Amino acid sequence: DQYPRLAAANGRSMRAYLRPGDVLYIPPLWYHHVRSLEASVSVNVFWRGLAPDAYARKDLYGNRDLPAGEKALELARSAGRAVREAQLPEPYASFYAERVTAELERALRL
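Just so you know, the residues in each chain are numbered from 1, in the order the chain's sequence is written. Restriction of local features to residues with pLDDT of at least 70 applies here, the model being predicted, together with a cutoff of 80 or more for giving and counting side-chain atom pairs; totals for whole chains, interfaces and linings are based on all residues. Side-chain measures here rest on the full set of heavy atoms in the structure, leaving out hydrogens and waters.

This part is about helix H2 (residues 67-85). Every α-helix winds through 3.6 residues per turn, so residues three or four apart in the chain are directed the same way. A run of H or I in DSSP counts as a helix once it spans at least four residues, and a run of E counts as a strand once it spans at least two, with each numbered from the N terminus. The span expected for a helix works out to 1.5 Å for each residue beyond the first. For H2, with 19 residues, the first-to-last C-alpha span of 27 Å sits near the 27 Å given by 1.5 Å per residue. Where H2 ends, the next residue or the one after it, Gln 87, has phi of about 55°, a positive value.

This paragraph deals with the packing of aromatic side chains. Two rings from Phe, Tyr or Trp (for Trp, the six-membered ring) form a pair when their centres are within 6.5 Å of each other. A pair whose planes differ by under 30 degrees is stacked, one over 60 is edge-to-face, and the rest are tilted. The tally for this structure, following the rule as stated, stands at one aromatic pair. A ring pair is formed by Phe 95 and Tyr 96, whose centres lie 4.9 Å apart and whose planes are at 80°; its orientation type is edge-to-face. Whether a residue is buried, partly exposed or exposed follows from its accessible area with a 1.4 Å probe, protein chains only, as a fraction of its type maximum: under 20%, in between, or over 50%, in that order. On the basis of relative accessible area, Tyr 96 is assigned to the partly exposed category, the value being 34%.

Like charges within 9 Å and nonpolar side chains (Val, Leu, Ile, Met, Phe, Trp, Tyr) within 5 Å are joined into patches, using only residues over 30% in relative accessible area that form no salt bridge. To measure how exposed things are, a 1.4 Å probe is used in the Shrake-Rupley method; for residues, cover is taken only from the protein chains shown. When a carboxyl oxygen of Asp or Glu is within 4 Å of a side-chain nitrogen of Lys or Arg, the pair counts as a salt bridge. Residues Met 14, Leu 18, Leu 24, Ile 26 and Trp 30 make up a contiguous nonpolar surface patch of roughly 540 Å² in combined accessible area. On the basis of relative accessibility, which here comes to 31%, the residue Ile 26 falls in the partly exposed class.

For Asp 59, the location among the structural elements is in the loop between helix H1 (6-11) and H2. Notably, Asp 59 is buried but unbridged: the nearest opposite-charge side chain belongs to Arg 64, and the N-O separation is 5.3 Å. Only 3.2 Å separates the side chain of Asp 59 from the backbone nitrogen of Arg 64, close enough to count as a polar contact. By definition, residues are in contact when any of their heavy atoms lie within 4.5 Å. With near-sequence residues (within four places) excluded, Asp 59 lies in contact with Arg 48 and Arg 64. Neither His nor the chain termini are counted; the positive set is Lys and Arg, and the negative set is Asp and Glu. Any N or O atom pair separated by 3.5 Å or less is treated as a polar contact, with the protein-specific requirement of one donor-capable and one acceptor-capable atom, and with residues adjacent in sequence counted only for side-chain atom pairs.

In structure tokens:
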């Protein structure tokens, strides 16, 4: 399965049924899917709610990953490559994946 966590994410999904005149706010970077049951109009409005230096210079609408987030994601990919290249067998690979995840949560105080 290409997306092993998709079923769990779908299990936590929310549904909203809007009536004429209703508005739905979707926070920045939230994945979403819309299906209209009848003719409708959808408007996307992007705005930048953080300090200007938090965004990439060319990100006019604030809809890209933040540079700090991009850097963190690359570090996570690098950590994954390090464990994979070491060819650690199970359960060692999973152990270190869980340990790295826990350390990240501690560092971010989540």
